[in-house]
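Geometric and topological summary
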Amino acid sequence: MNELVWIFISALLVNNFVLAYFLGLCPFLGVSGRLETALRLGLATLFVMLITALCSWLLNTYVLIYAPYLRLISFIVVIASTVQFIEMVIKRVSPGLFRALGIFLPLITTNCAILGLAIFATNKGYGLVEGMTYALGAGLGFTLALVLMAGLREETQIAPVPRLLRGTALNLIIAGILSMAFMGFAGLFSAA
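Scoring rules and cut-offs
- Residues numbered from 1 in each chain as written.
- Predicted model: local features only at pLDDT ≥ 70, side-chain atom pairs only at ≥ 80, totals over all residues.
- Heavy atoms only, no water.
- UniProt positions renumbered as here; feature names shortened; annotations may be inferred.
- Helix = DSSP H or I, 4+ residues; strand = E, 2+ residues; numbered from the N terminus.
- Rg over C-alpha atoms; globule rule 2.2 N^0.38 Å.
- Buried < 20%, exposed > 50% of the residue type's maximum accessible area, 1.4 Å probe, protein only.
- Contact = heavy atoms within 4.5 Å.
- Lys, Arg positive; Asp, Glu negative; His and termini not counted.
- Charge placed at Lys NZ, Arg CZ, Asp CG, Glu CD.
- Patch = residues over 30% accessible without salt bridge, like charges linked within 9 Å, V, L, I, M, F, W, Y side chains within 5 Å.
- Areas by Shrake-Rupley, 256 points an atom, 1.4 Å probe, with all protein chains shown as cover.
- Salt bridge = Lys/Arg side-chain N within 4 Å of Asp/Glu carboxyl O.
- Disulfide = S-S within 2.5 Å.
- Expected span 1.5 Å × (residues − 1).
- Polar contact = N/O pair within 3.5 Å; in protein donor to acceptor, adjacent residues only side chain to side chain.

- Naming follows an unreviewed UniProt entry, where the protein chain appears as Ion-translocating oxidoreductase complex subunit A of Thiorhodococcus mannitoliphagus.
- According to its UniProt record, the protein chain has this under Subunit (unreviewed entry): "The complex is composed of six subunits: RnfA, RnfB, RnfC, RnfD, RnfE and RnfG."
- Reading the Function (unreviewed entry) entry of the UniProt record for the protein chain gives the comment "Part of a membrane-bound complex that couples electron transfer with translocation of ions across the membrane."

1. Focus on the overall build of the protein chain
- Looking only at helices and strands, the protein chain has eight helices and zero strands in total.
- Counting helices and strands in the order they occur from the N terminus, the protein chain gives α-α-α-α-α-α-α-α.
- Computed over the C-alpha atoms, the radius of gyration of the protein chain is 17 Å, within 12% of the 16 Å expected from 2.2 N^0.38 for a compact globule of 192 residues.
- Overall, the protein chain is about 60 × 50 × 25 Å in size when its C-alpha atoms are taken along their principal axes.
- With 192 residues in all, the protein chain has 41% of them scored as buried.
- Sequence-distant contacts, at least 24 apart, represent 78% of the contacts inside the protein chain between residues at least 6 apart.
- When the 10 positive and 6 negative side-chain charges of the protein chain are each reduced to one mean point, those points stand 11 Å apart.

2. Focus: a nonpolar patch on the surface
- A cluster of nonpolar side chains, F22, L25, L29, L164, L165, L172, I173, I177, M180 and M183, forms an exposed patch at the surface whose accessible area comes to about 960 Å².
- Residue assignment for the nonpolar patch shows that the elements contributing at least two residues are α2 (25–30) and α8 (168–183).
- No other element matches α8, which puts five residues into the nonpolar patch.
- Within the fold, L25 resides in helix α2.
- For L25, a relative accessible area of 34% translates into the label partly exposed.

3. Comments concerning the state of the cysteines
- All told, the structure shown has zero disulfides when counted by the stated rule.
- Here C26 is not cross-linked by a disulfide; its sulfur's nearest cysteine counterpart is in C112, at 7.0 Å.
- Residue C26 is classed as exposed on the basis of its relative accessible area, which comes to 59%.
- The cysteine C55 is free of any disulfide, with C112 supplying the nearest cysteine sulfur at 20 Å.
- Residue C55 is classed as partly exposed on the basis of its relative accessible area of 23%.

4. Quick notes on helix α6 (residues 112–123)
- End to end, α6 covers 16 Å across 12 residues, agreeing with the expected 16 Å (1.5 Å per residue, within 8%).
- Listed in full, the buried residues belonging to α6 are A113, I114, G116, L117, A118, A121 and T122.
- For α6, the N-terminal capping position is held by N111, with its side-chain oxygen 2.9 Å away from the main-chain nitrogen of A113.
- Phi turns positive, to about 70°, at G125, one or two residues after α6.

See below:
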């Protein structure tokens, strides 16, 4: 049980996919303009990560034993299928959210954080429970990064920011500061 807590905290804070590994920067910078949209995309990505972790474990355990060279393409097929399913559900359940997410919803398919999750969990030799814990921590960490960035971007829209820093320049500065702040978590769980 203690190991699961470490896996979760590590994926959530210490080894955050966006702010430590720099995976998934496209949606991080592209969808983080509004808090509500960032939260919903983060939750959709979390769901895809959980399904991907389950499917990658199943594939590695039962299917790819004798054909490990098919691992990468198998992961890509699983991720694309899951995202297509989520896209259809969101389009039917919440057309407003579907329009708000725009092109970034199908881009979850090419989100390298999700593919990175499948590869990292496989390379670390995680079983089903560890892999799902890792996916939950990584997905919540991704959502946390999106929400933090969206909140800060909304605040900077009403703040008196010099013209030179408005837009992309300020967003990249904020992302860098967030990344440095999350690097502080690296020493949080080290033995004294």
